[in-house]
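Summary of the model geometry
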Amino acid sequence: MKHPIAGSLALVALGAMLLAGCGFHLRRSAQLAPALQRMHLDVAGDTALQRQLATALRLSGVTLEPSGGPGIATLRIPVNAFSTQALTLTGFARVSEYSVHYDVQFEVVGAGGRLLIPLQAIHMSRNFTFDQTQVIGSAGQQEQIQRSLVDDMAQAILMRLQAQGGGVVGTPAAASSAASAPGHD
């Protein structure tokens, strides 16, 4: 007679091995420096990144504030933009493959305008095939790619915040932003 519990345990173990083998890992929260424990988000452009960052920061124990002030760091994201580029053309001069690019620049400013993390740029991209017979499916595919890029970007920013540690660089934020703005990557 078979034991139903043993079969269930074997199925759970098999599922865990399959998930581990495909690269799936639960995202963890980051351990941020004390200077970053209270934060205000100032995100230009699409609000999807702001929502993802807010969620990730809360999971990391950060208290989000509606505005800056004493003891509150401001995560500024002046550049938050998607672009699409044609990669390959068919014999009939129709695009068959696209690349979706996502560019973000961010910096963290502490109380009194002290630069905690200097302006940094992150670029991500994904390619996808365009099927002329599935135009609606291709638009949905592009939206899904953008959502995936936003999720990945939020995690990349969080990991950079953790790695940088929030140590004061010492340059006033206005000088840093002005110096970096013209030649953005």
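I will try to describe carefully the structure that is included in this document.

This structure, assessed with the given rule, holds three salt bridges. Among the ionic pairs, arginine 38 bridges to glutamate 65, the shortest N-O distance being 3.1 Å. With a gap of 27 residues between them, arginine 38 in strand β1 (residues 38–43) and glutamate 65 in the loop between β2 (63–64) and β3 (73–89) connect regions that are remote in the sequence. With relative accessibility at 35%, the residue arginine 38 sits in the partly exposed group. Across the pair arginine 126 and aspartate 152 runs a salt bridge, and its minimum N-O distance is 2.2 Å.

By the element assignment, asparagine 80 lies in strand β3. Residue asparagine 80 is classed as buried on the basis of its relative accessible area of 12%. Separated by 2.9 Å, the side chain of asparagine 80 and the backbone oxygen of alanine 44 make a polar contact. A polar contact is formed between the side chain of asparagine 80 and the side chain of tyrosine 102, at a distance of 2.6 Å. With near-sequence residues (within four places) excluded, asparagine 80 lies in contact with Val43, Ala44, Gly45, Asp46, Leu49, Tyr102, Asp103 and Val104.

Let us now look at the nonpolar core. The biggest cluster of nonpolar side chains holds 36 residues, and the ones touching the most others in it are Leu49, Leu75, Ile157 and Leu161. When residues of this core are traced back to their parent elements, those giving at least two are β1, α2 (47–59), β3, β4 (95–109), β5 (115–129) and α3 (135–164). Here this core takes nine residues from α3, the largest share from any one element.

With the rule as written, the count across this model stands at one aromatic pair. Seen in terms of ring centroids, phenylalanine 82 and tyrosine 102 are 4.1 Å apart; in terms of plane orientation they differ by 5 degrees. Their pairing is stacked. With phenylalanine 82 in strand β3 and tyrosine 102 in strand β4, this pair connects stretches of sequence that are 20 residues apart. Using a relative accessible area of 26% as the deciding quantity, one classes phenylalanine 82 as partly exposed. On the basis of relative accessibility, which here comes to 0%, the residue tyrosine 102 falls in the buried class.

Our next topic: α2. Its 13 residues place the ends of α2 18 Å apart at the C-alpha level, agreeing with the 18 Å of an ideal helix rising 1.5 Å per residue. Of all the positions in α2, only Ala48, Leu49, Leu53, Ala54, Ala56 and Leu57 are classed as buried. Immediately downstream of α2, the backbone of glycine 61 shows phi near 90 degrees, a positive value.

Cut-off values and rules
- Residues numbered from 1 in each chain as written.
- Predicted model: local features only at pLDDT ≥ 70, side-chain atom pairs only at ≥ 80, totals over all residues.
- Heavy atoms only, no water.
- Salt bridge = Lys/Arg side-chain N within 4 Å of Asp/Glu carboxyl O.
- Helix = DSSP H or I, 4+ residues; strand = E, 2+ residues; numbered from the N terminus.
- Buried < 20%, exposed > 50% of the residue type's maximum accessible area, 1.4 Å probe, protein only.
- Polar contact = N/O pair within 3.5 Å; in protein donor to acceptor, adjacent residues only side chain to side chain.
- Contact = heavy atoms within 4.5 Å.
- Core = buried A, V, L, I, M, F, W, Y, C linked by side-chain atoms within 4.5 Å.
- Phe/Tyr/Trp six-rings, centres within 6.5 Å; stacked < 30°, edge-to-face > 60°.
- Expected span 1.5 Å × (residues − 1).

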